[in-house]
Amino acid sequence: MASLTGPPALTSVVLSLTTLLSLSAPKVTPGAKLTLTASHKSLSGFTTEVTFTGLDACARYYTSLSRALDLTGGPQSESWTLSAANVLLPLTKGKSLDEYKASVFNNFLASVDGHLLGETYLGSSEGSYADVLVCGLIKAVKDKGAEVQGENVIRWYNTVASMLKYDLIVEKKEEKKEEKKGKVEGGKKDKKAAAPAAAAATPASAGALLGSLSPDSDDYKQNGLLTHLTSLSVASTTHTHTAAFTSDELQNFAGSLGQHCKNIFLKDKKHGLFLVTAAHDADTNTKALAKSLGLTGANMRMAPEDLLGKHLDVKKGSVGPMCIFADKDKAVRFVFDATLLKHDKVFSHPGRNDWSTGMAPADLIKFVESTGHEVTQIEFGTKGAAPAASPAGAFDTANVAAKGGKGGKQPKQPKGGKQEPKKKGESQKKAKKEGAADTLLALQYKKNEAFAEWYSDVIVLSEMIHYYNISGCYILRPWSFKVWEKIQRWFDAKMGPLGVDPAYFPMFVSKSRLEKEKDHVEGFAPEVAWVTKSGDGDLAEPIAIRPTSETIMYPAFKDWISSHRDLPLKLNQWSNVVRWEFKNPTPFLRTREFLWQEGHTAHATLEEADEMVMQALELYRGVYEDLLAIPVIRGYKTEKERFAGGYMTTTCEAYVPTSGRAIQGATSHNLGQNFGKMFDISFQDKDGKQAIPWQTSWGITTRTIGVMVMVHGDDQGLVMPPAVSPLQVVIVPIVSKKVSYDTLGPYCEEIQAKLEAAGLRVKYDDRTIYNPGWKFNHWEQKGVPVRIEVGPRDFDNKACRVCYRYNGEKEDKSADDALAPFLAGKMEEIQKAMFEKVKNERDDHLVKVHEWKDFTPNLEKGNLILTPWCGPEFQQEEEEVKDKSKAEGLERSGGEEDERCAVSVAGKTLCIPFDQPDLPEGTKCFYTGKVAKCWVLWGRSY
Ligand code: 87F
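Residues numbered from 1 in each chain as written. Predicted model: local features only at pLDDT ≥ 70, side-chain atom pairs only at ≥ 80, totals over all residues. Heavy atoms only, no water.

Caption draft 1: A look at the overall build of the protein. Across its full length, the protein holds 28 helices and 39 strands. In the protein, buried positions account for 53% of the 942 residues. In the protein, 68% of the contacts between residues at least 6 apart in sequence involve partners at least 24 apart. Of the accessible surface of the protein, which amounts to about 39800 Å², a share of 51% is contributed by carbon and sulfur atoms. (Helix = DSSP H or I, 4+ residues; strand = E, 2+ residues; numbered from the N terminus. Buried < 20%, exposed > 50% of the residue type's maximum accessible area, 1.4 Å probe, protein only. Contact = heavy atoms within 4.5 Å. Areas by Shrake-Rupley, 256 points an atom, 1.4 Å probe, with all protein chains shown as cover.)

Caption draft 2: Structural context of the pattern of salt bridges. Tallied over the entire structure, the rule returns 27 salt bridges. For Asp843, the salt bridge identified is with Arg842, shortest N-O distance 3.0 Å. Counted as one network, the salt bridges with shared partners bring together Glu618, Arg621, Glu625, Asp626 and Arg634. (Salt bridge = Lys/Arg side-chain N within 4 Å of Asp/Glu carboxyl O.)

Caption draft 3: The arrangement of the pairing of strand β35 (residues 810-814) in detail. Where strand β34 (residues 799-804) and β35 come together, five bridges link them in antiparallel fashion. By the bridge assignment, Val802 is partnered in β35 with Glu811. Following β34, the chain reverses through five residues before pairing antiparallel with β35; Gly808 in that reversal takes a positive phi of roughly 75°. (Pairing = 2+ DSSP bridges.)

Caption draft 4: Highlighting the nonpolar core. By size, the foremost hydrophobic cluster in this structure holds 60 residues, and its most contacted members are Ile459, Met464, Phe491, Tyr620, Leu628, Met708 and Val709. Considering every element that reaches this core, the biggest residue donor is helix α20 (residues 606-627), with eight residues. Look past the residues within four positions of Met708 in its chain and what remains in contact with it is Met464, Val483, Leu628, Ile630, Gly713, Met720, Pro721 and Val724. (Core = buried A, V, L, I, M, F, W, Y, C linked by side-chain atoms within 4.5 Å.)

Caption draft 5: Broad picture of helix α16 (residues 478-495). Spanning 18 residues, α16 covers 25 Å between terminal C-alpha atoms, matching the ideal 26 Å at 1.5 Å per step. Within α16 the residues assigned to the buried category are Trp479, Ser480, Val483, Trp484, Ile487, Gln488, Trp490, Phe491 and Met495. (Expected span 1.5 Å × (residues − 1).)

Caption draft 6: Spotlight on the site of the ligand. The environment of the ligand is made up of 17 residues, and the closest members are His520, Phe524, Thr548, Glu550 and His669. One of the side-chain nitrogen or oxygen atoms of Arg579 is found 3.3 Å away from a nitrogen atom of the ligand. The fraction of the free accessible surface of the ligand (470 Å²) that becomes covered by protein chains is 95%. Where the shell around the ligand is concerned, the elements lending two or more residues are β24 (593-603), β27 (661-672) and β30 (694-701). Considered class by class, the residues forming the shell around the ligand number six nonpolar, seven polar and four charged. (Near = heavy atom within 4 Å. Polar contact = N/O pair within 3.5 Å; in protein donor to acceptor, adjacent residues only side chain to side chain. Nonpolar A, V, L, I, M, F, W, Y, C, P; charged D, E, K, R; others polar.)

Caption draft 7: Geometry of the packing of aromatic side chains. Inspection of every chain in the model, using the stated rule, returns 30 aromatic pairs. Ring centres 6.2 Å apart and planes at 40° place the aromatic pair Phe524 and Phe643 in the tilted group. Within this pair, whereas Phe524 is found in the loop between α18 (518-522) and β21 (530-534), its partner Phe643 is found in the loop between β25 (633-636) and β26 (648-656), the two being separated by 119 residues in sequence. The buried category is assigned to Phe643, whose relative accessible area is 10%. When the centroid spacing of 6.2 Å and the interplanar angle of 35° are considered together, the rings of Phe557 and Trp560 count as tilted. With Phe557 and Trp560 both in helix α19 (residues 550-560) and three residues apart, this pair spans about one turn of that helix. Through successive ring pairs, a cluster of aromatic residues spans Phe505, Phe524, Tyr554, Phe557, Trp560, Phe643, Phe675 and Phe679. Stacked on the ring of Phe679, the Lys or Arg Lys516 has its end atom at 6.0 Å from the ring centre. (Phe/Tyr/Trp six-rings, centres within 6.5 Å; stacked < 30°, edge-to-face > 60°. Lys NZ or Arg CZ within 6 Å of the ring centre and 35° of its normal.)

Caption draft 8: The arrangement of the packing of α16 against α20 in detail. Between α16 and α20, the shortest axis-to-axis distance is 11 Å and the interhelical angle comes to 140°. Judged by the inter-axis angle, α16 sits oblique to α20. Crossing angle aside, the handedness with which α16 passes α20 is right-handed. Contacts between α16 and α20 involve Lys486, Ile487, Trp490, Phe491, Lys494 and Met495 from the former and Leu619, Tyr620, Gly622, Val623 and Leu627 from the latter. In terms of residue class, the contact of α16 with α20 is made up of eight nonpolar, one polar and two charged. (Axes fitted to C-alpha atoms, helices over the stretch in contact; angles between N-to-C directions. Parallel < 35°, antiparallel > 145°, perpendicular 65-115°, else oblique. Left-handed = near helix turned anticlockwise from the far one by under 90°.)

Caption draft 9: Inspection of helix α23 (residues 741-757) at higher detail. For α23, spanning 17 residues, the distance from its first C-alpha to its last is 23 Å, which sits close to the expected 24 Å at 1.5 Å a residue. The complete set of buried residues in α23 reads Leu744, Gly745, Tyr747, Cys748, Ile751, Gln752 and Leu755. Check the buried side of α23 and you find it contacts β31 (729-733), β32 (762-764), β33 (786-790), α25 (792-797), β34 and α26 (819-844). Backbone nitrogen of Asp742 and a side-chain oxygen of the N-cap are separated by 3.2 Å at the start of α23; the cap is Ser740. Just downstream of α23, Gly759 is the residue with a positive phi angle, here 90°.

Caption draft 10: Focus on the pairing of strand β39 (residues 934-939). The buried fraction of β39 amounts to six of the six residues, a majority that puts the element mostly inside the structure. Burial along β39 is two-sided: Cys934, Val936 and Trp938 facing one way and Trp935, Leu937 and Gly939 facing the other are all buried. Bridge count for strand β37 (residues 864-869) against β39 is five bridges, and the pairing is antiparallel. Within the sheet, the bridge partner assigned to Leu866 lies in β39 and is Leu937.

Caption draft 11: View of the sheet that holds β33. Pairing is mixed across the open sheet formed by five strands, whose spatial order is β32-β31-β33-β34-β35. Of all strands in the sheet, those bounded by a partner on one side alone are β32 and β35. Across the sheet, the mean angle from the axis of one strand to that of its neighbour is 25°, orientation sign disregarded. Relative to β33, β31 runs parallel, the two sharing five bridges. Each bridged residue has a counterpart across the sheet, and for Val729 the counterpart in β33 is Val786. α26 contacts β31, β33, β34 and β35 of the sheet and is inclined by roughly 5° relative to β34.

Caption draft 12: A nonpolar patch on the surface, seen in detail. A grouping of Tyr468, Ile470 and Ile475 is seen on the molecular surface, where their side chains present a nonpolar patch of about 250 Å² in accessible area. On the secondary structure map, Ile470 appears in the loop between β17 (465-467) and β18 (474-476). Residue Ile470 is classed as partly exposed on the basis of its relative accessible area of 36%. (Patch = residues over 30% accessible without salt bridge, like charges linked within 9 Å, V, L, I, M, F, W, Y side chains within 5 Å.)

Caption draft 13: Inspection of the environment of Arg590 at higher detail. Relative to the elements of secondary structure, Arg590 occurs in the loop between β23 (569-578) and β24. Accessibility expressed as a relative area gives 17% for Arg590, which makes it buried. Distance from Arg590 to Arg579, taken between C-alpha atoms, is 9.4 Å for residues 11 residues apart in sequence. Every residue in contact with Arg590, bar those within four places of it in the chain, is listed here: Glu581, Lys583, Asn584, Pro585, Ala902 and Tyr942.

Caption draft 14: Fine view of the confidence of the model for the protein. With 70% of its residues at a pLDDT of 70 or more, the protein shows a mean pLDDT of 78. Predicted confidence is poor over residues 38-46, with pLDDT under 50, and the contacts of this stretch with residues over four places away or in other chains come to 34 contacts. (pLDDT = per-residue confidence, 0-100.)

Caption draft 15: Quick peek at the sheet that holds β39. Here we have 11 strands laid out as an open sheet, ordered β19-β23-β24-β30-β27-β26-β25-β38-β39-β37-β36, and mixed in their pairing. Sheet topology places β19 (501-502) and β36 (846-848) at the edges, where each strand pairs with a single neighbour. Of the strand pairs in this sheet, β23 and β24 are connected by 10 bridges, and their pairing is antiparallel. Along β24, the bridge assignment pairs Leu569 with Ala602.

Structure below.
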């Protein structure tokens with residue numbers, strides 16, 4: 001027996017796990033009986049002894065405990081459990097599953113699949129408490145109707161269950177259940193005998209119906225909602241049960257009573273408060289809801305808990321339609337799911353989640369109307385159902401007007417152009433590759449159909465990224481970090497000849513220094529992360545974590561620079577920086593901590609500083625074009641887009657064909673004398689006069705890796721440019737009865753040695769636990785440029801088969817001495833071909849536009865647009881183009897833009913390209929009609 005400490009939110013619980021499972025030694029031995037006994041005391045004073053038997057029941061109960069007691073840390077220590085909990089618990093707490101979280105969740109499942117394939121438990125060689133927890137969490141999320149990889153969930157769930165020697169829980173088809181049951185009864189009789197209680201375990205046993213409440217009881221009479229119900233002479237029954245936290249949970253264990261409702265209390269800044277009562281499995285997508293209600297500019301969110309108390313006099317988890325009774329000042333609008341009308345009885349909580357009251361739906365409406373609230377009826381769709389009746393949203397509003405609701409117009413269908421990443425629930429299933437579920441290792445999404453999901457999938461399955469339990473922070477696994485190392489080595493080799501020295505500065509900066517250069521930090525201030533405590537004590541002054549190092553380095557520059565002989569001072573630092581982004585994070589592209597190189601230099605003249613700026617930019621071109629095989633356009637930023645603390649900013653811009661978006665690859669700034677003045681840096685020039693140095697700063701980040709993935713990857717996974725690929729060749733032996741590893745091994749190793757001697761990065765994959773098909777798939781997903789297959793016939797013929805990742809071609813080659821130079825040459829050929837392919841695609845999407853009317857349509861086609869422009873200083877006009885193109889873009893697509901969304905449909909200036917097309921005299925600016933001074937490059941961007 002062990003008791004959980006910590007402040008119980010809704011219940012006080014004494015919990016014990018019998019058999020070998022206890023909180024201090026949380027292990028389940030296969031075959032052991034897993035029983036969890038809980039003494040459950042609710043706020044209303046009920047004490048219930050409940051026993052849960054079987055993995056499923058324990059997991060489900062433990063999940064509800066985790067939620068109620070906020071046990072995110074819990075007794076389980078494995079980091080994967082923690083991250084699972086961090087990803088999943090917010091979802092089970094009623095937060096909506098947005099696109100990002102869905103992808104995190106799916107990626108988590110993908111990593112779970114790895115364990116499945118290895119046929120191991122998640123945390124150790126035995127089933128653990130953590131297995132139970134994660135199993136329960138997945139179940140809980142699934143119950144909430146999250147769009148997840150159903151096949152994988154069920155398989156994982158069942159695998160864990162079967163490994164713990166419990167009945168398989170098959171949720172799909174009735175026949176299957178029978179089949180499995182037979183199997184268990186026939187084959188595992190002994191084990192069943194060892195765990196007799198397990199046989200009785202079903203998901204339904206996680207919660208329990210306890211009884212019904214008499215209208216004559218004191219409890220009933222003390223409940224204001226029920227007494228009001230009685231006063232309406234409405235026929236109803238009220239049942240007691242273990243506290244339930246979701247309607248899905250209730251439907252599971254109390255579904256025999258009738259249809260349970262889910263209730264959502266929403267707040268919209270512009271339109272106020274809404275209480276929504278819908279079927280437990282309704283798709284309550286808030287965007288679609290807002291549309292159906294005809295609300296313009298709405299951004300509905302879960303209302304904060306204090307408003308629940310204030311307006312509905314109820315605690316989170318206990319909301320029901322009858323709570324509208326408390327809304328005396330009619331601040332809350334009531335929305336009712338019309339599909340509930342088809343049920344004889346609908347159940348909801350009368351202000352507490354261990355009671356459910358059932359009545360005819362018409363009577364529930366009567367109750368709400370009796371409180372003076374109008375009932376807006378909307379027909380909600382079902383989670384996961386194909387939205388046939390209403391293609392753009394979850395709801396069918398056809399009968400809304402007839403039922404007195406404020407019907408919304410049907411949103412327009414997006415027109416043509418580039419495909420945006422799919423939003424939550426939006427045909428994600430359709431976008432999944434057919435048959436993908438059959439192989440757990442396959443990528444689940446197609447690049448062209450669900451780009452965002454594809455990206456999340458690919459970076460996890462290729463083992464580049466592992467998710468972490470702090471939003472916006474990711475683990476860079478060796479497969480991505482080695483790419484970063486390649487970039488570092490290449491870059492460092494260029495630093496020496498340019499006279500740039502390496503250095504390292506502290507990551508902390510005092511407030512006074514960070515804020516010394518006001519222009520510099522102004523727009524960035526919200527992103528600065530501060531350390532305010534050490535242990536329990538407050539620091540005397542908060543200390544910022546570097547978002548960039550100008551203000552950290554330049555006070556030292558002041559000490560080091562006094563004469564022209566100290567110049568130029570050129571330093572480069574490799575480090576991490578922290579920028580606390582609020583927009584949705586994306587691994588590599590937008591992360592709260594990222595790695596970069598930052599160069600900082602000081603020069604005697606503006607010209608020297610300018611030269612340095614261009615030299616750095618040329619290196620960035622090299623990183624993208626020569627290493628990553630991605631063409632970039634170099635140019636100046638306009639006044640509006642340049643770094644405010646500096647004098648002039650240059651950039652190199654890459655293009656992602658699948659999304660039709662540009663992405664800033666790296667920047668190099670001429671800082672002028674601004675920072676010199678602020679940090680009091682000066683030197684005596686050759687004429688003995690005091691002067692302020694001209695400074696530069698320039699940086700490139702781990703974003704590079706994300707761009708590489710997005711640009712080159714395909715439906716099979718990564719496609720690595722040979723220059724940065726951690727491995728360039730993988731050798732896979734195809735063993736058979738005729739030829740064993742022992743025979744093929746030395747042959748493959750010989751090939752490996754020859755290739756390595758030619759400078760190639762090679763692996764011989766001699767793992768016996770995986771078959772060749774698995775290995776092909778694995779290395780394809782990781783994007784290794786060349787795979788060499790060696791089968792029995794190759795062995796006999798002293799040959800091998802060479803397969804190319806970037807174009808899927810194969811050729812048989814002799815494995816003689818010519819193979820190594822041949823493949824070394826191939827690496828260069830592949831590198832070039834990959835670059836050319838992407839450049840052609842980019843150039844096909846580079847258009848010139850002379851008139852405003854052609855601007856947004858071209859953005860919609862995913863084009864980069866060159867326009868004549870009145871000049872880099874026209875900031876106001878630039879802003880107008882951005883705003884107008886956003887408005888036009890949204891109107892044409894019928895969409896709305898979420899502020900937190902990391903990408904916008906607006907067209908932005910990317911740069912004034914160095915490489916300027918001819919601009920005949922008298923050419924007009926495409927927007928203002930003034931005389932054009934230059935060509936500007938525009939596009940939608942990341
Ligand atoms: C975020 C918070 C605080 C960008 C920030 O581009 C300050 C900043 O100064 C900030 N985000 N920047 C501009 C960085 C300029 C510059 N620094 C050296 C670079 C390249 C490397």
